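What follows is the residue order along each chain.
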Amino acid sequence: MIMDGMSEMASRVRPLAGALGAEVTGVDLATLSDAGFTELTKAFLEHQVLVFRDQTLDAASYLETARRFGSPVAYPFAEGVADHPEITVIIKEPHQTSNFGGMWHSDTTYKPEPPKATMLYCRETPEAGGDTVFACQYRAFEALSEPMKKILMGLNGVSSSGKNAAALRGTHLATGTMQGTGCADVMTAVHPAVRRHPETGRCALYVNPSHTVGFEGMTDAESTPIREFLFQHQIRLEFTARVRWAPGTLVIWDNRSSQHCAINDYDGQRREMWRITLAGDPPV
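Now for a quick tour of the structure. The structure displayed is predicted, hence computed values, not measured ones.

1. Quick look at the overall build of the protein chain
At step 1: A count of helical and extended segments in the protein chain gives seven helices and 16 strands.
At step 2: Radius of gyration (C-alpha) of the protein chain: 18 Å, near the 19 Å computed for a compact globule of 284 residues.
At step 3: Taken along its principal axes, the extent of the C-alpha atoms in the protein chain is 55 × 45 × 30 Å.
At step 4: Residue burial in the protein chain is summarised as follows: out of 284 residues, 55% are buried.
At step 5: Long-range contacts, defined as pairs at least 24 residues apart, comprise 84% of the intrachain contacts of the protein chain with a sequence gap of at least 6.
At step 6: For the protein chain, the exposed surface amounts to about 12,000 Å²; the carbon and sulfur share of it is 52%.
At step 7: One finds the centroid of the 26 positive side-chain charges in the protein chain at a distance of 4 Å from the centroid of its 33 negative side-chain charges.

2. A word on the packing of aromatic side chains
At step 1: Within the structure shown, the criterion is met by six aromatic pairs.
At step 2: Ring centres 5.5 Å apart and planes at 40° place the aromatic pair Y62 and Y121 in the tilted group. Separated by 59 residues along the polypeptide, Y62 in helix 3 (residues 59-69) and Y121 in strand 6 (residues 117-124) bring together distant segments of the chain. Comparing Y62 with Y121 shows no difference in burial state: the two are buried.
At step 3: Ring plane angle 90° and centroid distance 6.0 Å describe the contact between Y75 and F100, whose orientation is recorded as edge-to-face. Taken as a pair, Y75 in the loop between strand 4 (72-73) and strand 5 (88-92) and F100 in the loop between strand 5 and strand 6 lie far apart in primary sequence, 25 residues in all.
At step 4: Taken together, Y62, Y121 and W274 form an aromatic cluster joined through their ring pairs.
At step 5: One cation-aromatic arrangement involves R195 over Y206; the distance from NZ or CZ to the ring centre is 5.0 Å.

3. Observations concerning empty space enclosed by the protein
At step 1: Under the definition given, this model contains three cavities of 30 Å³ or more.
At step 2: Taken as a whole, the second largest cavity spans an internal volume of roughly 140 Å³.
At step 3: In terms of lining, the second largest cavity is formed by 14 residues, of which the most central are F100, G101, L120, H260 and A262.
At step 4: Residue assignment for the lining of the second largest cavity shows that the elements contributing at least two residues are strand 15 (258-262) and strand 16 (271-278).
At step 5: Its residues assigned to classes, the lining of the second largest cavity comprises seven nonpolar, four polar and three charged.

Criteria and thresholds
- Residues numbered from 1 in each chain as written.
- Predicted model: local features only at pLDDT ≥ 70, side-chain atom pairs only at ≥ 80, totals over all residues.
- Heavy atoms only, no water.
- Helix = DSSP H or I, 4+ residues; strand = E, 2+ residues; numbered from the N terminus.
- Rg over C-alpha atoms; globule rule 2.2 N^0.38 Å.
- Buried < 20%, exposed > 50% of the residue type's maximum accessible area, 1.4 Å probe, protein only.
- Contact = heavy atoms within 4.5 Å.
- Areas by Shrake-Rupley, 256 points an atom, 1.4 Å probe, with all protein chains shown as cover.
- Lys, Arg positive; Asp, Glu negative; His and termini not counted.
- Charge placed at Lys NZ, Arg CZ, Asp CG, Glu CD.
- Phe/Tyr/Trp six-rings, centres within 6.5 Å; stacked < 30°, edge-to-face > 60°.
- Lys NZ or Arg CZ within 6 Å of the ring centre and 35° of its normal.
- 1 Å grid on protein atoms, 1.4 Å probe; cavity = no way out; pocket = protein on both sides within 12 Å on 5 of 7 lines; lining within 4 Å.
- Points joined across faces, edges and corners; volume = space filled by probe spheres on them.
- Nonpolar A, V, L, I, M, F, W, Y, C, P; charged D, E, K, R; others polar.

These figures come from the coordinates and say nothing about function on their own.
Spelled out as structure tokens, the structure:
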């Protein structure tokens, strides 16, 4: 179904939870009009995570859909699929016990310009399990005390791709071997601990346990208590929403204002996803 009117599109957007996320029903992304995409962009900025069911996409049509949301960029530590380097295939095989993305994070914050959004298209799921949980970092920031907000507004977080490199070595990207196992491969970037969203103007926490290794100008002893508090605070249940996958499900999330974690609870079963990240701007 193709939908262009705001009232009709709005009626198809159903919140997943009180904090963030919405499922959009009755939309075929491969045929949706430009006007329909304009309305989806508004819903995306409001809900941060959009879920679309029953999509039928090959690599070319998936990439074409992604380009309507933004500019796809390659993942820095793996090759993409043949002829479509922006698509990373993420597979967990039945014999594997570790998964990709199984820690709370915002994607690639160790880059100078982290992606504005990430898209994940489900190709195969286990019988049960393998859900992804998202956390709203607007709400995480807004729930802090005023003194803590003031402290964080003056801090810059240091992100490193090497923080959890050891954990990632056991994961499988079907389109390339995980790199980043040597010092020369480590990427580091410094970003505000509180980020102002470039489109909504709202403030969000922008540190995460997978990549943030400290605060600029602070000793580890000084920064560790703050980081440990924030890492627990920013994933409180009231800030979260959970997505259950099925083949044909496509999810896009705002990497500037949310975190996510892929739940690793399906050992002995296979899961396959196609990932695309969309170019972003330097956080401010």
